[in-house]
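Secondary and tertiary structure notes
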Amino acid sequence: RSIAAATTILATADMTKKIFPWVSQALLFFVGWLTWTFLEYIAHRFWMHKKPAHEEKYVSSNHQYHHTHPTELKISNSDRFLLLSIGIFIFLSAIYVHNYFILFAGFYWGFLSYTFMPVILHRKWAKTLFPSLLQHHILHHCKFSKKCFGVTVTWWDKIFSTSAPRSYQISEKV
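Notes on the structure in this doc start here. (Residues numbered from 1 in each chain as written. Predicted model: local features only at pLDDT ≥ 70, side-chain atom pairs only at ≥ 80, totals over all residues. Heavy atoms only, no water.)

Time to look at the overall build of the protein. Tallying secondary structure elements over the protein gives 8 helices and 0 strands in all. Listing the helices and strands of the protein from first to last along the sequence gives α-α-α-α-α-α-α-α. A burial count over the protein gives 36% of its 174 residues as buried. Considering only residue pairs separated by 6 or more positions, the protein has 56% of its internal contacts joining residues 24 or more positions apart. (Helix = DSSP H or I, 4+ residues; strand = E, 2+ residues; numbered from the N terminus. Buried < 20%, exposed > 50% of the residue type's maximum accessible area, 1.4 Å probe, protein only. Contact = heavy atoms within 4.5 Å.)

Across its 21 residues, helix α4 (residues 77–97) extends 30 Å between first and last C-alpha, which sits within 8% of the 30 Å expected from 1.5 Å per residue. Taken residue by residue, α4 has R80, L83, G87, I90, S93 and A94 as its buried positions. The arc that holds the buried residues of α4, viewed along the axis, is 150°, so those residues lie on one side. Along α4, the residues that are exposed and aim more than 90 degrees away from the buried face are N77, S78, F81, L82, F89, L92 and Y96. (Expected span 1.5 Å × (residues − 1). Arc of directions from axis to C-beta.)

Here the focus is helix α7 (residues 131–142). Taking 1.5 Å per residue, 12 residues should reach 16 Å; α7 reaches 16 Å between its end C-alpha atoms and fits that length. Counted residue by residue, α7 has 9 buried out of 12 residues, so it is predominantly covered.

Working note: non-glycine residues mostly have negative phi, and peptide bonds are mostly trans. For S161, which is not glycine, the phi dihedral falls at a positive 55°. Inspection of the secondary structure assignment puts S161 in the segment after α8 (155–159). For S161, a relative accessible area of 57% corresponds to the exposed category.

Before going further, it helps to spend a moment on the packing of α4 against helix α5 (residues 101–121). Helix-helix packing is characterised by the crossing angle of the two axes and by the distance between the axes. Contact geometry of α4 with α5 gives a least axis separation of 9 Å together with a crossing angle of 160°. It follows from the interaxial angle that α4 and α5 lie roughly antiparallel. Of the two possible hands of crossing, α4 and α5 adopt the one that is left-handed. Together, R80, L83, L84, I86, G87, I88, I90, F91, S93, A94, I95 and V97 of α4 and F101, I102, F104, A105, Y108, W109, F111, L112, T115, F116 and V119 of α5 make up the contact between the two elements. Within the contact of α4 with α5, the residues separate by chemical class into 19 nonpolar, 3 polar and 1 charged. (Axes fitted to C-alpha atoms, helices over the stretch in contact; angles between N-to-C directions. Parallel < 35°, antiparallel > 145°, perpendicular 65-115°, else oblique. Left-handed = near helix turned anticlockwise from the far one by under 90°. Nonpolar A, V, L, I, M, F, W, Y, C, P; charged D, E, K, R; others polar.)

Per the counting criterion, the structure on display carries 15 aromatic pairs. A centroid spacing of 5.7 Å and a plane angle of 75° characterise the contact between W33 and W155, whose relative ring orientation is edge-to-face. In this pair, W33 sits in helix α2 (residues 21–47) while W155 sits in helix α8, placing the two residues 122 residues apart along the sequence. With 5.4 Å between their ring centres and 20° between their planes, Y41 and F160 make a pair best called stacked. Taken together, the residues Y41 in helix α2 and F160 in the segment after α8 connect sequence positions 119 residues apart. Of the residues examined, Y41 reaches a relative accessible area of 0% and is grouped as buried. Put simply, the rings of F30, W33, F38, Y41, F149, W155, W156 and F160 touch in pairs and so form one group of aromatic residues. (Phe/Tyr/Trp six-rings, centres within 6.5 Å; stacked < 30°, edge-to-face > 60°.)

Printed below as a string of structure tokens:
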């Protein structure tokens, strides 16, 4: 269904390109971002959690380290600033050239949200801004490491039935 929806959005974007150019660009950006969220889910579920911790390769073992030390993030604030600067450049370039490059810009901004989300979710104000995503993230770390694979969105877990049971709630102490 997701592929059909993305195809429909792309076709709509192509048809509206001449009549409503900004609608077309917004739809293409959304499809790029949506594609990232799907690939993020697939990578997290099947690549970063596929083997026991002692058999993991670099990326997976690095991810396992993140599970045991969730606040010790391997990407620095200066790295994030550089990635954000690149993202702004890509977005403005995509708007300027006004073509399908905006798909890549949406994909890159999905990646950017993935790099910022762990920092955001480990802040006290995340409980107010992203309550369900925070719960999803904490349940993945603390109770269900084989569920709740979405990092920036939770709908892929709902679609593929990898969400935590609804009966589990996180403690206020967390």
